[in-house]
Amino acid sequence: RPRPHPRPPTMEGSGTLVDFDWSLRLVLSSSHLSSMRKPVLMVDLSLKYADGSMKNTVLEFNEADLDSVLDSLSSVEKVLERLG
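Keep in mind that what you see is a predicted model, and the values were worked out from it rather than measured.

## Quick look at a nonpolar patch on the surface
Together, Leu17, Phe20, Trp22 and Leu24 make up an exposed nonpolar region whose accessible area comes to about 490 Å². Within the element layout of this structure, Phe20 appears in strand E2 (residues 16–27).

## A look at the environment of Leu24
Within the fold, Leu24 resides in strand E2. Note on Leu24: relative accessible area 60%, which makes it exposed. With 16 residues separating them along the chain, Leu24 and Val40 place their C-alpha atoms 5.8 Å apart. Discounting residues that sit within four places of it in the chain, Leu24 has contacts with Pro39, Val40 and Leu41.

## A short note on the pairing of strand E4 (residues 54–61)
As defined by bridge partners, strand E3 (residues 38–48) adjoins E4 across eight bridges and the pair is classed as antiparallel. Note on E4: the bridge partner recorded for Leu41 is Phe61.

## Some points on helix H1 (residues 63–83)
For H1, with 21 residues, the first-to-last C-alpha span of 31 Å sits near the 30 Å given by 1.5 Å per residue. N-capping of H1 is provided by Asn62, with a side-chain oxygen placed 3.0 Å from the backbone N of Ala64.

## Some words on the environment of Pro39
Secondary-structure assignment places Pro39 in strand E3. Pro39 gets classed as partly exposed once you look at its relative accessible area, which sits at 34%. Note: C-alpha distance between Pro39 and Leu26 (13 residues apart in sequence) is 4.4 Å. Sequence-distant contacts of Pro39, defined by excluding residues within four places in its chain, comprise Leu24, Arg25, Leu26, Phe61, Asn62 and Glu63.

Rules and cut-offs
Residues numbered from 1 in each chain as written. Predicted model: local features only at pLDDT ≥ 70, side-chain atom pairs only at ≥ 80, totals over all residues. Heavy atoms only, no water. Patch = residues over 30% accessible without salt bridge, like charges linked within 9 Å, V, L, I, M, F, W, Y side chains within 5 Å. Areas by Shrake-Rupley, 256 points an atom, 1.4 Å probe, with all protein chains shown as cover. Salt bridge = Lys/Arg side-chain N within 4 Å of Asp/Glu carboxyl O. Helix = DSSP H or I, 4+ residues; strand = E, 2+ residues; numbered from the N terminus. Buried < 20%, exposed > 50% of the residue type's maximum accessible area, 1.4 Å probe, protein only. Contact = heavy atoms within 4.5 Å. Pairing = 2+ DSSP bridges. Expected span 1.5 Å × (residues − 1). Polar contact = N/O pair within 3.5 Å; in protein donor to acceptor, adjacent residues only side chain to side chain.

Here you go:
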């Protein structure tokens, strides 16, 4: 599952997506492993709430997380096609 990064804002209710940005990064090492190559997708969501406040949430996806999200979205798309 995607992990909020670094800390998710406290949100009451749901906001409206007004903007997003993404970047693909390659992690080359960590404190535990000196040689590692791990792609990480970062998605920055800008949400606007009914009270006018704006919140940014950054989600971090590793390859397995992204595959899971894409599979879920594919399932949603199939259901919507059957309904439409």
